[in-house]
Amino acid sequence: MNKKTLRILGALIILICALTAVTAVSSTSDDNNSENANITLQINTTGSWRLDLTVDGNYSSCEAEGSKTIDLNSTEIDFASVTINQKNGPTDVFLVKGNETLHEEHSKSSGIETIYFFYPEK
């Protein structure tokens, strides 16, 4: 190959790499900031706990140890109630959509505590 062909080939490779990188970055940021992102509940603690969760009238429960993220399978909620029974407090509870924290609460001690989120998404 001559020098001119190598230069053209090199320029094409650089252009393809640059376009691929720009596409990857833009699609990642769209997913995290999208209004269509599901709302998640993030539990940050070190101890074991049991959770009773009510979201817009639908009940569920969960038991775990340490921090956990729970997908609420919804892009909009009006009300959530979290009753957490922790053996070792404190526990931080965050309602998150994409990269945005919609609401946060912090329990102060061990035992049972109920946290309410009234969040008008509209």
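Anything mentioned here points back to the structure above.
Residues numbered from 1 in each chain as written. Predicted model: local features only at pLDDT ≥ 70, side-chain atom pairs only at ≥ 80, totals over all residues. Heavy atoms only, no water.

Enquirer: Hey, could you run me through the overall build of the protein in this one?
Expert: From N to C terminus, the protein includes one helix and eight strands. Each helix and strand of the protein, placed in order from N terminus to C terminus, yields the pattern α-β-β-β-β-β-β-β-β. Counting over 122 residues, the protein shows a buried share of 27%. Contacts spanning at least 24 positions in sequence make up 60% of the contacts within the protein whose residues lie at least 6 apart. Carbon and sulfur atoms provide 53% of the accessible area of the protein, an area that totals close to 8000 Å². (Helix = DSSP H or I, 4+ residues; strand = E, 2+ residues; numbered from the N terminus. Buried < 20%, exposed > 50% of the residue type's maximum accessible area, 1.4 Å probe, protein only. Contact = heavy atoms within 4.5 Å. Areas by Shrake-Rupley, 256 points an atom, 1.4 Å probe, with all protein chains shown as cover.)

Enquirer: Is there a simple way to think about the pairing of strand S7 (residues 100–106) in this case?
Expert: Sheet topology places strand S6 (residues 92–97) next to S7; six bridges connect them, and they run antiparallel. Its bridge partner being in S7, Leu-95 is matched across the sheet by His-103. In textbook terms, the turn of a hairpin is the stretch between consecutive antiparallel strands, and for S6 and S7 this stretch comprises two residues, one of which, Gly-98, has a positive phi near 65 degrees. (Pairing = 2+ DSSP bridges.)

Enquirer: What's the story with the pattern of salt bridges in this structure? I'm lost.
Expert: If the charged atoms of two oppositely charged side chains come close together, the side chains can form a pair. This structure, assessed with the given rule, holds one salt bridge. Residue Arg-50 is joined to Asp-52 by a salt bridge in which the shortest nitrogen-to-oxygen separation is 3.3 Å. On the basis of relative accessibility, which here comes to 23%, the residue Asp-52 falls in the partly exposed class. (Salt bridge = Lys/Arg side-chain N within 4 Å of Asp/Glu carboxyl O.)

Enquirer: Quick question: what am I supposed to make of the environment of Leu-53 here?
Expert: Structurally, Leu-53 is set in strand S2 (residues 48–55). Taking the C-alpha atoms as reference points, Leu-53 and Leu-72, separated by 19 residues in sequence, lie 9.8 Å from one another. Leave out the neighbours within four places in its chain, and Leu-53 touches Leu-41, Asn-58, Tyr-59, Ser-60, Leu-72, Ser-81 and Val-82.

Enquirer: Sorry if this is basic, but what is going on with unusual backbone geometry here?
Expert: Most peptide bonds take the trans configuration, and most residues that are not glycine carry a negative phi. One non-glycine residue, Asp-56, lies in positive phi territory at about 50 degrees. Assignment of secondary structure puts Asp-56 in the loop between S2 and strand S3 (58–65).

Enquirer: For this particular structure, what's the right way to read the sheet that holds S6?
Expert: The strands making up a sheet associate through hydrogen bonds between their backbones, and the pairing can be parallel or antiparallel. Read from one edge of the open sheet, four strands run S4-S1-S6-S7, paired in antiparallel fashion. Taken across any chain shown, the strands that pair with only one partner, and hence form the sheet edges, are strand S4 (68–71) and S7. Averaged over all adjacent pairs, the angle separating strand axes in this sheet is 20 degrees, with direction ignored. (Axes fitted to C-alpha atoms, helices over the stretch in contact; angles between N-to-C directions.)

Enquirer: It is not clear to me how a nonpolar patch on the surface should be interpreted in this structure. Could you clarify?
Expert: Together, Ile-8, Leu-12 and Ile-16 make up a nonpolar patch on the protein surface, roughly 290 Å² of accessible area in all. Residue placement: Leu-12 occurs in helix H1 (residues 3–33). (Patch = residues over 30% accessible without salt bridge, like charges linked within 9 Å, V, L, I, M, F, W, Y side chains within 5 Å.)

Enquirer: What should I look at first to understand the nonpolar core in this one?
Expert: Leu-41, Leu-51, Leu-72, Leu-95 and Phe-117 are the most contacted members of the largest nonpolar core, which has 20 residues in total. Of all elements in the fold, only strand S1 (39–44), S2, S3, strand S5 (79–86), S6 and strand S8 (111–118) reach the threshold of two or more residues within this core. (Core = buried A, V, L, I, M, F, W, Y, C linked by side-chain atoms within 4.5 Å.)

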